[in-house]
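# Breakdown of the fold
What follows is each chain in one-letter form.
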Amino acid sequence: MKFKFFDHTADIKFQAYGSSKEEAFKNAALALTEFIIEEDIKAVQEKTIEVEGMDEKQLLYSWLEQFLILLDTEGFLLSTIEELKIDGNKLKAKVKGDSAENYKLTGDAKAITYHDMEITHDDGWMVQVVIDI
Amino acid sequence: MKMISENVWEIPREGKMRVPARIFASDILMEKIKADKSLLQVKNVAALPGIQKFSLAMPDAHQGYGFSIGGVAAFDMDEGIISPGGVGYDINCSVRLLRTDMMEDDISSKRKQLLEELSKEVPAGVGRSSKMRLSREELDEVLSTGAKWAVKKGYGTVKDLKHIEEGGSMQGRPDKVSDLAKKRGMPQIGTLGAGNHFLEMQKVDKIFMPEVAERFGITKPGQVMVMIHCGSRGLGHQVASDYIRAMENKFGISHLPDRELINAPISSELGQDYYHAMSAAANFGFANKQMITHWVRQCFDKVFGSNENMDTVYEVCHNIAKMEQHMIDGEKKKLCVHRKGATRSFGPGKEEVPEDYRDLGQPVIIPGSMGTASYLLVGTKKAEEISFGSTAHGAGRVASRSEALRTVRGEQVKKELKQKGIEVWGHSSKGLAEEAPQFYKDVDEVVRVSDALGIGKMVARVVPLAVLKG
């Protein structure tokens, strides 16, 4: 399972999983996209994303926030994550997607939050995020 | 927690709390408030530096991020803090109420046509962009002057400005807003957005204070009103995120019980920068509603042949921090009041209340959820005494959106509302299901408690006729 959504009264909460931190971060971005749009997105445009964080949680926050920013400023919707590297507090990714003009969006994510945010690992990695909607 | 008097509960100081917490709720509402983390959040806020008198929760309180929704807290200007979590991500999410000369019968047969026109004029829904493209210079003017910019551009009139909190213009500084936030805002000026935001045609259902109602422009049951509920869109969200990050990087997070409570001293450079960026985002929200108001008037003119006397009754902010004078230990003191999902409710005489209403008190607009009643109230001296001049802001959710989606379908919600005589235009069927009225608290009870406590007195109840949803 890549990710799972949970009941949360006023907002949306999900957990994303992976065998590495990178994979869990990738799946978190896919979960966020799934909330915004359930349709499959074509992988026709490529983008490079680079973010930094003062710690792991801020890095996750900043990474996910990039997709809200890309949607609002460039109308970009995520399809696949080709590459993702985390080096300390820095993340670099190559992602593919399509223009939002070609789709009907159904979920309005206002912001990423730290509320109930968790990043854990034992056998695998799990990240938990609440989105303000 | 102990009950101090009817509808007033107190959590005495304990642990790191600097002041006690007070919650304004009936037994029914308290049951719901206890069911989530609201009370813990109210206590966490009570521990923030410089907090005055009480950490407060209004009758519609529910769990938020850091601060609860329905949270009100006032801070000392020298020792106190300002917190993006105490304002919320949707800076200046606010509600405007317009009056009309029309009666229900005048519009009922043309409601569908009106919604169709409105949906063409007012961009609504996720990812829908504005009809206009602002230049960077124009956006900076929006951020500095708010609704004044919109009026200058021909959207609405100077008369509107007099009936908006802060005259529709706070001390916004565009240089404190990041390029990213501006980039997010540029395509979104004059859009409604999605989620719980709406544009609703309503009729007056009951009038409780006829003399006050008349001064607010409401004369009889059946009169048509228009309510606009939206915020500062992606620009406001980005300002919140940017300053949360900046404050974390500057002050660290180890001292916080909840990361969303990150804050900066009001007197610090970063605190001041946030205040001016937040004010700029608030201005974006004011301009946004001013443009939508103009388009609503155009649509009324097109469909009904008239938009005469479609005056702005008032516009209230319900996600904001403001510098205000309040009485502390018998002395007037300037404080930074955070209202997060709470409405200012100033009584008669306050200079912030528009001249037209100054002898009455400030109009307070409390929207219900889609398909339920909304209220117009009037602010009071009592609110100034016990709640830093504040009351509730709305209904508040009781069930999650995923539960809503499991239980109802958008089409079914539309049908049920139609049976109740409410015409709905929604851009997303999922959105309609999520916002169905049964998943919200009872706004009637929230307002009843506000009225019983005297922190906002009921002037009129309005019910929906037609709703445009994002």
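Reference entry: report on the structure contained in this document. Quantities reported herein were computed from a predicted structural model and do not represent experimental measurements.

## Regarding the pattern of salt bridges
Residue and element names in this part refer to chain B. Scanning the entire structure with this criterion turns up 39 salt bridges over all chains. Between Asp273 and Lys176 there is a salt bridge, with its nearest N and O atoms 3.4 Å apart. Within this pair, whereas Asp273 is found in helix α11 (residues 269-304), its partner Lys176 is found in the loop between α7 (158-162) and α8 (179-185), the two being separated by 97 residues in sequence. Each member of the pair Asp273 and Lys176 is classed as buried. Connected through shared salt-bridge partners, Glu165, Glu166, Lys322 and Arg344 make up one network.

## Quick look at the interface of chain B and chain A
Of the residues lining the interface, 42 residues belong to chain B; the matching set on chain A comes to 36 residues. When the two sides are added together, the surface that chain B and chain A hide from each other amounts to roughly 3300 Å², 48% of it contributed by carbon and sulfur. Looking only at chain B, the three residues that lose the most surface to chain A are Tyr65(B), Val126(B) and Arg259(B), adding up to 20% of its buried area. Where chain B touches chain A, the interface holds six salt bridges.

## Looking at the packing of aromatic side chains
Within the structure shown, the criterion is met by ten aromatic pairs over all chains. Relative to Phe14(A), the ring of Phe5(A) has its centre 5.8 Å away and its plane inclined at 65 degrees; by these criteria the two rings are edge-to-face. For the ring pair Phe216(B) and Tyr357(B), a centre distance of 4.8 Å and an interplane angle of 80 degrees mean the geometry is edge-to-face. With Phe216(B) in the loop between α9 (210-215) and β9 (223-230) and Tyr357(B) in the loop between β14 (343-344) and β15 (363-366), the pair connects residues that are 141 residues apart, well separated along the chain. One exposure class covers both Phe216(B) and Tyr357(B), and it is buried. Taken together, Phe3(A), Phe5(A) and Phe14(A) form an aromatic cluster joined through their ring pairs. The side chain of Arg259(B) reaches across the aromatic face of Tyr114(A), ending 4.1 Å from its centre. Across from the ring centre of Phe346(B), 4.6 Å away, lies the NZ or CZ of Lys350(B), which sits over that ring.

## Some words on the pairing of strand β12 (residues 319-328) of chain B
Residues and elements named next belong to chain B. Buried residues dominate β12, accounting for seven of its ten residues. When β12 meets strand β13 (residues 331-340), the two strands line up antiparallel, connected through ten bridges. Note on β13: the bridge partner recorded for Gln325 is Lys334. Linking β12 back to β13 in an antiparallel pair, the connection comprises two residues, with Asp329 at a positive phi of about 50 degrees.

## A few points about unusual backbone geometry
Even without being a glycine, Asn92(B) presents a positive backbone phi close to 55 degrees. Along the chain, the position of Asn92(B) falls in the loop between β6 (81-82) and β7 (94-103).

## So, the packing of helix α1 (residues 21-36) of chain A against helix α2 (residues 56-74) of chain A
Residue and element names in this part refer to chain A. Look at α1 against α2: their axes get within 11 Å of each other, and the N-to-C directions meet at 35 degrees. In terms of crossing hand, the pair formed by α1 and α2 is right-handed. Note on element contacts: α2 touches α1 through Glu56, Leu59, Leu60, Trp63, Leu64, Phe67, Leu68 and Leu71, opposite Lys21, Phe25, Lys26, Ala28, Ala29, Leu32 and Ile36. For the contact of α1 with α2, the residue count by class is twelve nonpolar, no polar and three charged.

## Topic: the pairing of strand β8 (residues 198-207) of chain B
All names here are of chain B. Both β8 and β9 contribute to a ladder of six bridges, which runs antiparallel. Directly across from Lys203, in β9, lies its bridge partner Val224. Pairing of β8 with strand β19 (residues 457-469), which is carried by nine bridges, proceeds in the antiparallel orientation. Each bridged residue has a counterpart across the sheet, and for Phe198 the counterpart in β19 is Lys469.

## Brief notes about the sheet that holds strand β2 (residues 8-11) of chain B
Residue and element names in this part refer to chain B. In spatial order, the strands read β1-β2-β3-β4-β5-β13-β12; together these seven strands make up an open sheet with mixed pairing. Every interior strand has two partners, whereas the edge strands, β1 (2-5) and β12, have only one. Ignoring which end each strand starts from, the neighbouring axes of this sheet average 30 degrees apart. Docked against the sheet, helix α1 (residues 27-34) engages β1, β2, β3 (21-24) and β4 (55-62), running at close to 100 degrees with respect to β4.

## Some remarks on the side chain of Ser450(B)
Residue and element names in this part refer to chain B. Secondary-structure assignment places Ser450 in helix α16 (residues 443-453). The class for Ser450 is buried, based on a relative accessible area of 0%. Apart from residues lying up to four places away in sequence, Ser450 is in contact with Pro59, Leu377, Thr391, Ile455 and Gly456.

What counts and what doesn't
- Throughout this description, residue numbers start from 1 for each chain and increase along the sequence as written.
- Numbering of ligands from 1 and lettering of chains from A proceed in the order in which they are written.
- Where totals are concerned, whole chains, interfaces and linings use all residues; where local detail is concerned, this predicted model gives features only for residues with pLDDT of at least 70, and gives and counts side-chain atom pairs only at 80 or more.
- The side-chain quantities take in all heavy atoms of the structure and omit both hydrogens and water.
- Whenever Lys or Arg places a side-chain nitrogen within 4 Å of a carboxyl oxygen from Asp or Glu, that contact is recorded as a salt bridge.
- Helix numbering and strand numbering both begin at the N terminus, where a helix is a DSSP run of H or I of at least 4 residues and a strand a DSSP run of E of at least 2.
- Only protein chains enter the calculation, and the probe is 1.4 Å; a residue is then buried if its accessible area is under 20% of its type maximum, exposed if over 50%, and partly exposed in between.
- Every residue pair with non-hydrogen atoms within 4.5 Å of one another is taken to be in contact.
- Summed over both partners, the accessible surface that disappears when two parts come together, traced with a 1.4 Å probe, is what is meant by buried area.
- Stacked, edge-to-face and tilted are the three classes for Phe, Tyr and Trp ring pairs, Trp counted by its six-membered ring, which pair at centre distances within 6.5 Å; planes under 30 degrees apart are stacked, over 60 edge-to-face, the rest tilted.
- Look at NZ for Lys and CZ for Arg. If either is within 6 Å of the ring centre and within 35 degrees of the ring normal, a charge sits over the ring.
- The pairing criterion for strands is at least two bridges between them, as found by DSSP.
- Note on geometry: axes are lines fitted to C-alpha atoms, helical ones only across the stretch in contact, with angles between N-to-C directions running from 0 to 180 degrees.
- Handedness of a crossing follows from how the near helix is turned relative to the far one, being left-handed for an anticlockwise turn of less than a right angle and right-handed for a clockwise one.
- Any residue outside Ala, Val, Leu, Ile, Met, Phe, Trp, Tyr, Cys, Pro, Asp, Glu, Lys and Arg is labelled polar, Gly included; the first ten of those are nonpolar and the last four are charged.

So yeah, pure geometry; function would need other evidence.
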